[in-house]
Amino acid sequence: MPVIDASEPQVIANVRLFRSEEGGRSSAILAPHFTCPMEIAGELFTCRLYLTEVGRIDPGSEATVPIRFLAPDIVSDKLEPGRSFKLWDGHYFAEGTVLTSNFRPADP
């Protein structure tokens, strides 16, 4: 399995964990990173949230998080700023919005 490169985030996103009573996790996601599928427009892409600076995100909380993808070439055109997404870990436990994207447009 390929390793997700941690050198520079591909996306910065605002991520909000659902409260436990909303169907979210019963525990926080913790540093240094958390890997899970991200659902964008009905498709799932493996991503890694880097939480070193954030520390942890508790259910019901939100944070600005750097994110990288296992297969960036197949997701890059779906991650423009303002795009919403959900995170999945056996069930949807969080939602978010892309704030910035470091993907470069493909050459024509």
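The text that follows walks through the structure, step by step, so that each part is easy to find. (Residues numbered from 1 in each chain as written. Predicted model: local features only at pLDDT ≥ 70, side-chain atom pairs only at ≥ 80, totals over all residues. Heavy atoms only, no water.)

Spatial ordering of the closed barrel is given by 1-6-4-3-7-8, a layout of six strands whose pairing is antiparallel. Each strand axis lies, on average, 45° off the axis of its neighbour in the sheet, ignoring direction. The sheet contact formed by strand 1 (residues 11-17) and strand 8 (residues 92-101) spans seven bridges and is antiparallel. Paired with V15 across the two strands is G96, which belongs to strand 8. (Pairing = 2+ DSSP bridges. Helix = DSSP H or I, 4+ residues; strand = E, 2+ residues; numbered from the N terminus. Axes fitted to C-alpha atoms, helices over the stretch in contact; angles between N-to-C directions.)

A few words on the pairing of strand 7 (residues 84-88). The alternating pattern of strand 7 places F85 and L87 on a buried face and S84, K86 and W88 on a face that is not buried. Two elements, strand 3 (residues 33-40) and strand 7, share two bridges in a ladder whose sense is antiparallel. Bridge pairing in strand 7 places M38 opposite L87. With five bridges connecting them, strand 7 and strand 8 associate as antiparallel partners. When the sheet's bridge partners are listed, K86 is paired in strand 8 with E95. Taking the residues that link successive antiparallel strands as the turn, the strand 7-strand 8 hairpin has three residues, and the phi of G90 there is positive, at about 90°. (Buried < 20%, exposed > 50% of the residue type's maximum accessible area, 1.4 Å probe, protein only.)

Evaluation of the coordinates by the stated rule reveals one aromatic pair. Centroid distance F34 to F93: 5.7 Å. Interplanar angle 75°. Geometry classified as edge-to-face. One end of the pair, F34, is in strand 3; the other, F93, is in strand 8, with 59 residues separating them in the sequence. One exposure class covers both F34 and F93, and it is buried. The cationic tip of R25 hangs over the ring face of F93; the distance from NZ or CZ to the ring centre is 5.8 Å. (Phe/Tyr/Trp six-rings, centres within 6.5 Å; stacked < 30°, edge-to-face > 60°. Lys NZ or Arg CZ within 6 Å of the ring centre and 35° of its normal.)

Moving on to unusual backbone geometry. Cis peptide bonds are those with omega within 30 degrees of zero, and the linkage from A31 to P32 qualifies with 10°. Checked against the element boundaries, P32 lands in the loop between strand 2 (29-30) and strand 3. The phi torsion at A41 lies on the positive side, around 50°, for a residue other than glycine. Within the secondary structure, A41 is located in the loop between strand 3 and strand 4 (43-50).

The side-chain alternation of strand 1 yields one buried face, formed by V11, A13, V15 and L17, and one unburied face, formed by I12, N14 and R16. Relative to strand 6 (residues 62-69), strand 1 runs antiparallel, the two being bridged by six bridges. Opposite N14, over in strand 6, you have T64 as the bridge partner.

Glancing now at the nonpolar core. Generally speaking, soluble globular proteins have nonpolar side chains that are buried together. In terms of nonpolar packing, the biggest core is built from 26 residues, with L49, I67, F69 and L87 touching the most fellow members. Counting residues per element, the ones that place at least two in this core are strand 1, strand 3, strand 4, strand 6, strand 7 and strand 8. (Core = buried A, V, L, I, M, F, W, Y, C linked by side-chain atoms within 4.5 Å.)

All told, the structure shown has zero disulfides when counted by the stated rule. For C47, which is in no disulfide, the shortest distance to another cysteine sulfur is to C36 and amounts to 4.4 Å. A residue is classified by how much of its surface remains accessible, and C47, at 0% relative accessible area, is buried. (Disulfide = S-S within 2.5 Å.)

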